[in-house]
Amino acid sequence: VSHQLNNSVLPESNNLQTASVSVDKFKNADSIVPHNVIIAKTTTSIPTKQNYAYLWTIGDIHEDKPSYKGLLWDVLISANILRKQGSKADFWLYYRLSPDSKLFKMPTEHLGFLSLAGIRVRQLPKPEMESFGQLVFDKFLALNMTDYKRVM
């Protein structure tokens, strides 16, 4: 299975070429990416350091509870829209696995899609017990991102 990455959705696309990426390396990729979805490849057009960043947090990632995938798609779609609108900000996703999860990190196919969208990922330590309060406090980790002028 092969998907086309169309860089024409980016404002600065006149300098970029369309790239073809095989998603066979992403286990079960067809189950999470419809064949007609176009993902903007932004990693080549993102400078290494910006003054601004967007940060998303996701918690309770569990292999048997696919509800987090909707949040993951929200992040991918939001980043794609922001790039289309000309944003030069860095994109970050902080995530926590569920304490009941047998995973040691987010599934490889998800990390691959985030990478293709130019989203940097940081895994937070797995909590001892599930807590919505923990996820609320995770949002305050943006205050630690002092390399940026503003984090949204």
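Structure report, in brief. Just so it is clear, the model here is predicted, and its values are computed rather than measured.

**Concerning the pattern of salt bridges**
Enumeration over the complete set of coordinates arrives at 2 salt bridges. Two residues, Asp90 and Arg120, come together in a salt bridge whose shortest N-O distance is 3.6 Å. Placement of the pair is Asp90 in strand E4 (residues 90-97) and Arg120 in strand E5 (residues 119-123), with a sequence separation of 30 residues. Exposure remark for Asp90: the relative accessible area of 1% places this residue in the buried category. A salt bridge links Asp138 to Arg96; its shortest N-O distance comes to 2.7 Å.

**Quick look at the side chain of His62**
Tracing the backbone shows His62 in the loop between strand E3 (52-61) and helix H1 (68-84). You can call His62 buried: its relative accessible area is 7%. Leaving out residues up to four positions away in the same chain, His62 has contacts with Tyr68, Ser98, Asp100 and Ser101.

**Structural notes on the nonpolar core**
Grouped together as the largest cluster of nonpolar side chains are 18 residues, with contacts concentrated most on Ile58, Ile61, Val75, Leu93, Met106, Leu114 and Ile119. At the level of elements, E3, H1, E4 and helix H2 (108-116) are the ones that each hand at least two residues to this core. The element contributing the most residues to this core is H1, with 5 residues. Setting aside residues up to four positions removed in sequence, Val75 forms contacts with Trp56, Ile58, Leu93, Leu114 and Ile119. If you look at the next biggest cluster of nonpolar residues, it comprises 8 residues, including Ala53, Leu55, Trp92 and Ala142.

**Observations concerning the pairing of E3**
Regular strands show a simple pattern: their side chains alternate between the two faces of the sheet. Relative to strand E6 (residues 150-151), E3 runs parallel, the two sharing 2 bridges. Along E6, the bridge assignment pairs Tyr52 with Arg150. In this sheet, E4 lies alongside E3 in parallel orientation, the contact comprising 7 bridges. Bridge pairing in E4 places Trp56 opposite Leu93.

**Focus: the sheet that holds E5**
What the 4 strands build is an open sheet, ordered E5-E4-E3-E6; its pairing is parallel. With partners counted over all chains shown, the strands left at the sheet margins are E5 and E6, one partner each. On top of the sheet, H1 reaches E3, E4 and E5; it is set at about 170° to E3, its chief contact.

Basis of the calculations
Residues numbered from 1 in each chain as written. Predicted model: local features only at pLDDT ≥ 70, side-chain atom pairs only at ≥ 80, totals over all residues. Heavy atoms only, no water. Salt bridge = Lys/Arg side-chain N within 4 Å of Asp/Glu carboxyl O. Helix = DSSP H or I, 4+ residues; strand = E, 2+ residues; numbered from the N terminus. Buried < 20%, exposed > 50% of the residue type's maximum accessible area, 1.4 Å probe, protein only. Contact = heavy atoms within 4.5 Å. Core = buried A, V, L, I, M, F, W, Y, C linked by side-chain atoms within 4.5 Å. Pairing = 2+ DSSP bridges. Axes fitted to C-alpha atoms, helices over the stretch in contact; angles between N-to-C directions.

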